[in-house]
Amino acid sequence: MASPTTRTAPSTGPAPTPAPAPLRRLGGNLRWGFRAYGLLALMWIRVSFTYRTSFVLLTLGQLFITALDFVAIVIMFANVDVLGGFGLAEIAFLYGGSSLCLGLADLALGNIERLGNRIRMGTFDAMMVRPVPLFAQVCADEFALRRLGRIAQAAAVLTWATASVDVDWTVGRALMVPYLVACGTVIFLAIFTLGAALQFWTTDGSEAANAFTYGGSTLTQYPLTIYPVEAVKALTFIVPVAFVNWYPALYILDRPDPFGLPAALQFSSPVAGLALCLLAGLAWRTGVRRYRSTGS
Amino acid sequence: MSLIEVTDLSRTFEVRRKVSRFRREVHEVRAVDHLSFAVGAGEMVGYIGPNGAGKSTTIKMLTGILVPSSGSLSVAGIDPSRNRVELTRRIGVVFGQRTTLWWDLPLRDSFELLRRIYRIDRDRYRRNLAEFTELLELGDLLDTPVRQLSLGQRMRGDIAAALLHDPEILYLDEPTIGLDVVSKGRLREFLRTLNAERGVTLLLTTHDLQDIEQLCSRVMVIDHGFLVFDGSLELLHERGGSTRTLVVDLVDEAPPIDVPGAEVRKVEGPRQWLSFPAKASAAPVVAAVAASYDVADLSITEPAIEDVIRAIYTR
Amino acid sequence: MLYAAIAARAFRRYSTYTAATLAGIFTNCVFGAIITFAYIAVWRQNPTAGGYDVTDAVTYVWLGQAMIMTVAVWNGGATDDLAARIRTGDVAIDLYRPVSFLGWWLASDLGRALFHLLTRGVAPTLVGGLLFDLRYPAGLTAWLLFAVSVPLAVVVSFAIRMLVSASAFWLLDDTGVRNLQAVFAMFFSGLVVPLVIFPGWTRDLAMALPWASYLQVPADIWLGQRTGVDALAGLGFQVLWAGVLLAMCAAVLRLAQRKVVVHGG
């Protein structure tokens, strides 16, 4: 090899503790990635403000569209009093939780699903000649603040549901709500990334990813009691979207697990989130490596 | 060591071809085939070849976008395939036909973002911006949204954007494509200054032989993944025996024009095509024609790169 | 015969995207399964909701998934190509073709719809039939009526999408109108919940809007909810909306043509 493989930085003196160096570099990269993401996202926000009317209309449109999802549930409740053993307020809690998590993940990196398009247009190549982590660039690209519409609607439903459910609120339960939102968002972030990473292999099949993102959110807006037990196990251990809202909600709503699964699952959302993130990270890295050796 | 060093570089792709409805055949295509060359600091090199010859594959490997199949390369002492991100600070890339500027925001905002992304310190940024603004005549355009700029103005903006972080090497992909004659001239003038005053090494791919003629002391021609020529432009013309064509529209039909230094290739009514050596000046030919014929219109077409390359091959 | 050729060309164009078609079918099936379980839960609680039984409801879900792309519920199809041509100004060429402008684009959209019916319509229905107990048309008459109802649904949808695309002649950006239309179409076609379970007057309103032609009418014919005179009334409803909307398209296009002539696109 003509070039040095590890460029020793022009630092002076021997490094006192060599072990944490890669860790420190990872930390630095992460911090820089977030910062760069912020810078890029800010540019897109400014773009959206240059078309103010259109921005306002699109945001309201998003709010309206997603609100109809909930109206559909309300219409169902015009015909029944309970669904899968859960009342309207409880289902609103499930719906609000999953929809808010999806909304936040969608805001943060929803445009990642256009990766295939970017590869075809050559803009992905342009990102590769910038000193910013690729993932941060892809996530921030065409950052769409109008997605706040979905978030606002979901947050409103969740707030209403939290106030309406018949629950003896303890500190633990109350803290579980933001915890649910955080873990659920992370799970959807990982699923979005996985779906996008698949586009390094097939760009035409991007619609299949929708089955997991939007499908995952639709699926978890109902109590899982409406699905067969095999499906619930699959949603716990294979495509773990049950951890987005179902398991934390069982704890918050003070419900025993209807399928008799261990109560520990109700606190395992971070584990599911972490596992999915590792998988997504691996898929992304493998995908980028593949792209760099095939150029397509 | 040279700034860019390429040794025995190859890149193969697997291409799946449909043989029948169900069977696909995988076969290997060599986009770049055992390429070796070196570019010294401060050189201006034209990298030419027909579409699909391996030009962009080479550039993608030099910028770290693609990893080579075999061989080694080093750019500014860095292995692009391993340290792509580190390399990005040392190089500038301009993609001719698509802009990397923010379409809906003023030019200045794109520059400001790049300052932060490349972490350029303020003083240096201010100096560079002032210099490029003057040289590229961007002054009035800085506060204009990019979408309102003409193609030429946008290209100037893109080039300034690629240079703000003081790269040692600038890759330009078809920088003058679609520009009018005046814009082309200005751009070339700027690139010459850039090279002379800052010592920036330029590697440009183009279909416009005039770009090469006016900018590059050295030409590399790639075809089918092979480097078929590496040398001066004069040598290329000599080897390729390329010619330019003078298209003459006479007022009336006439027998083939007879002037020294040019020969008639084609006659079609009052229009005649005369060819003359590419390196010879057009002026004496034009003068000779105008002196002895009633000319309605004249135009000169440059030799196409494809023709020159074909000529190299047939030799 | 020219129109058949146009339709065939559109059919072939869509048939080249195999991976996209397969991915789409997969997504339709996933959503179909999710909604099926939700409906089963609703009809378990209220076994006669909207006059459907649980088999009707489940069948309705899979018909809905089959119709999404066939009827192009949320935009897409030939009218998207038209919108692009309006933006680029290429539409001026289309307006002066010696064939009916509306006919040209309708033929193209019908070709697309046929492709989508045979792939993204048939495949989810088959999958749904394997996974769940579905109801099928009760006899030849029902099949025939359904076979008439589907193309009528496509024509109504085409006319609405055409009007939306034509708004691009006047608006710089038709994204807003398109999104709004998509929302109305999705909701009032009965794709999210069947129109028959809408409460009170909202049901009557929804059943009278043109979007009811997309899914509710064909589904009711399929399910045997509409037979005899009722079924013919359903087709009449679709024909009425198709006629009204196509007439509106023709009027709008005449205005657009005048605009293009005067302003040069």
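Residues numbered from 1 in each chain as written. Chains lettered and ligands numbered in written order. Predicted model: local features only at pLDDT ≥ 70, side-chain atom pairs only at ≥ 80, totals over all residues. Heavy atoms only, no water.

**What about the UniProt feature "transmembrane region" (unreviewed entry) in chain C?**
Residues and elements named next belong to chain C. We count it as follows: UniProt positions are given in the numbering used here, feature names are shortened, and annotations may be inferred rather than shown by experiment. Every helix listed is a DSSP run of H or I at least four residues long, and every strand listed is a run of E at least two residues long, numbered separately from the N terminus.
Those residues carrying the UniProt feature "transmembrane region" (unreviewed entry) are residues 20-40, 60-78, 99-118, 138-160, 180-201 and 231-253 in this numbering. Structurally, residues 99-118 comprises 90% helix and 0% strand, and the distance from its first C-alpha atom to its last is 28 Å. Across residues 180-201, the secondary structure splits into 50% helix and 0% strand, with the terminal C-alpha atoms separated by 22 Å.

**Thoughts on the interface of chain A and chain B**
The line we're drawing: Residue contacts follow a heavy-atom distance rule, with two residues in contact if any of their heavy atoms lie within 4.5 Å. A 1.4 Å probe defines the accessible area here, and the buried area is the portion of it lost by two parts on being joined, summed over both. Any Lys or Arg side-chain nitrogen located within 4 Å of an Asp or Glu carboxyl oxygen qualifies as a salt bridge. Polar contact criterion, stated in full: a pair of N or O atoms within 3.5 Å, where within protein one must be able to donate a hydrogen and the other to accept it, and residues adjacent in sequence count only if both atoms are side-chain atoms.
On the side of chain B, 40 residues touch chain A, which itself brings 30 residues to the contact. Note on chain A versus chain B: buried area summed over both sides is about 3400 Å², and carbon and sulfur give 59% of it. On inspection of chain A and its partner chain B, the count reaches two salt bridges. The interface formed by chain A and chain B includes 14 residue pairs in polar contact (both at pLDDT 80 or more). For the side of chain A that touches chain B, the secondary structure elements donating two or more residues are helix 1 (21-50), helix 5 (123-128) and helix 13 (269-294) of chain A.

**A short note on a nonpolar patch on the surface**
Heads up, the condition is: Surface patches are drawn from residues lacking salt bridges whose relative accessible area is over 30%; two like charges belong together within 9 Å, two nonpolar side chains (Val, Leu, Ile, Met, Phe, Trp, Tyr) within 5 Å. Computed with the Shrake-Rupley method and a 1.4 Å probe, the accessible areas treat only the protein chains shown as cover for residues.
Taken together, the side chains of A:Leu23, A:Leu26, A:Leu30 and A:Phe34 define a hydrophobic patch exposed on the protein surface, amounting to about 470 Å² of accessible area. Position of A:Leu23 among the secondary structure elements: in helix 1.

**A look at the packing of helix 3 (residues 107-117) of chain B against helix 4 (residues 122-135) of chain B**
Residues and elements named next belong to chain B. This is how the line gets drawn: Axis geometry follows a simple rule: fit a line to the C-alpha atoms, using only the stretch in contact for helices, then measure angles between N-to-C directions, giving values from 0 to 180 degrees. Crossing chirality is assigned from the near helix's rotation relative to the far helix, an anticlockwise turn below a right angle marking it left-handed and a clockwise turn marking it right-handed. Ten residue types, Ala, Val, Leu, Ile, Met, Phe, Trp, Tyr, Cys and Pro, are classed as nonpolar, four, Asp, Glu, Lys and Arg, as charged, and the remainder, Gly among them, as polar.
With their axes 11 Å apart at the nearest point, helix 3 and helix 4 run at an angle of 145° to one another. Crossing of helix 3 against helix 4: the hand is right-handed. On the side of helix 3, the interface is formed by Arg108, Phe111, Glu112 and Arg115, while helix 4 contributes Arg122, Tyr125 and Leu129. Considering only residue class, the contact of helix 3 with helix 4 consists of three nonpolar, no polar and four charged.

**With respect to the interface of chain A and chain C**
Listed per partner, the contact involves 30 residues of chain A and 28 residues of chain C. Roughly 2600 Å² is buried in total at the junction of chain A and chain C, and carbon and sulfur atoms are behind 79% of that figure. Considering only the surface of chain A that becomes buried against chain C, A:Ile75, A:Asn79 and A:Glu207 emerge as the three largest contributors, covering 20% of it. Across the contact surface, chain A and chain C share one salt bridge. The salt bridge partner of C:Arg120 is A:Glu207, with a shortest N-O separation of 3.3 Å. Run the count over chain A and chain C and you get four residue pairs in polar contact (both at pLDDT 80 or more). For the side of chain A that touches chain C, the elements supplying multiple residues, two or more each, are helix 2 (52-79), helix 9 (207-212) and helix 10 (214-220) of chain A. Among the elements that take part in the side of chain A that touches chain C, helix 2 of chain A stands out by supplying 10 residues, more than any other. Of the residues contributing to the side of chain A that touches chain C, the split by class is 21 nonpolar, seven polar and two charged.

**Some details on the sheet that holds strand 2 (residues 24-39) of chain B**
Residues and elements named next belong to chain B. This is how it is decided: Between any two strands, pairing holds if DSSP finds at least two bridges.
Ordered in space as 2-1-4, the three strands form an open sheet in which the pairing is antiparallel. In this open sheet, the two strands that pair with only one neighbour each are strand 2 and strand 4 (70-75). Each strand axis lies, on average, 30° off the axis of its neighbour in the sheet, ignoring direction. Bridge analysis of strand 1 (residues 4-18) against strand 2 gives 12 bridges, and the strand direction is antiparallel. If you follow glutamate 5 over to strand 2, its bridge partner there is alanine 38.

**As for the packing of aromatic side chains**
Put simply, the rule is: Each pair of aromatic rings taken from Phe, Tyr and Trp, with Trp reduced to its six-membered ring, is defined by centres within 6.5 Å and is described as stacked if the planes are under 30 degrees apart, edge-to-face if over 60, and tilted in the remaining cases. To sort residues, take the accessible area from a 1.4 Å probe on protein chains only and compare it with the maximum for the residue type: under 20% means buried, over 50% means exposed, and anything in between is partly exposed. By definition here, charges over rings are those cases where NZ of Lys or CZ of Arg is within 6 Å of the ring centre and within 35 degrees of the ring normal.
Counting across every chain of the model gives 33 aromatic pairs over all chains. Ring centres of C:Tyr39 and C:Trp43 lie 5.7 Å apart, and the angle between their planes is 55°; on these two criteria the pair is classed as tilted. On the criterion of helical spacing, the pair formed by C:Tyr39 and C:Trp43 is a turn pair, its members being four residues apart in helix 2 (residues 18-45). Residue classification places C:Trp43 among the buried positions, given a relative accessible area of 2%. Put simply, the rings of A:Phe124, A:Phe135, A:Phe200, A:Trp284 and A:Tyr291 pair up and form one aromatic cluster. Here the guanidinium or amino end of B:Arg119 rests over the ring plane of A:Trp32, the centre of that ring lying 3.8 Å away.

**Topic: the side chain of C:Thr125**
Residue and element names in this part refer to chain C. Checked against the element boundaries, threonine 125 lands in helix 6 (residues 101-131). A relative accessible area of 15% means that threonine 125 is categorised as buried. At 2.7 Å, the side chain of threonine 125 and the backbone oxygen of glycine 121 are in polar contact. Once you skip the residues sitting within four places of it in the chain, threonine 125 turns out to touch Trp62, Ala66 and Leu134.

**So, a positive patch on the surface**
Threshold: Residues scored as positive are Lys and Arg, those scored as negative are Asp and Glu, and His as well as the terminal groups of each chain are ignored. Charged groups are reduced to one reference atom each: NZ for lysine, CZ for arginine, CG for aspartic acid, CD for glutamic acid.
A cluster of like positive charges, contributed by A:Arg35, B:Arg89, B:Arg116, B:Arg119 and B:Arg122, occupies part of the molecular surface. Its place among the elements puts B:Arg89 in the loop between helix 2 (84-88) and strand 5 (91-95).

**Overview of unusual backbone geometry**
Glycine aside, negative phi is the norm for most residues, and most peptide bonds take the trans geometry. Residues and elements named next belong to chain B. The phi dihedral of arginine 119 is positive, around 50°, even though this residue is not glycine. Summarising the element assignment, arginine 119 is placed in the loop between helix 3 and helix 4. Given a relative accessible area of 49%, arginine 119 falls into the partly exposed group. The backbone of aspartate 166 sits at a positive phi, close to 55°, despite the residue not being glycine. Position of aspartate 166 relative to the elements: it lies in the loop between helix 5 (151-163) and strand 6 (169-173).

**Some words on the nonpolar core**
Rules: Residues grouped as a nonpolar core are buried Ala, Val, Leu, Ile, Met, Phe, Trp, Tyr and Cys residues, joined through side-chain atoms within 4.5 Å.
Judged by nonpolar contacts, the single largest core of 257 residues is most densely connected at A:Phe124, B:Phe111, B:Leu170, B:Tyr171 and C:Tyr39. Here B:Phe111 is in contact with B:Leu101, B:Tyr125, B:Leu129, B:Leu138, B:Leu142, B:Gly157, B:Ala160, B:Ala161 and B:Leu164, once residues within four sequence places are set aside. Listed in part, the 12 residues of the second largest apolar core include B:Leu250, B:Leu274, B:Phe276 and B:Ala282.

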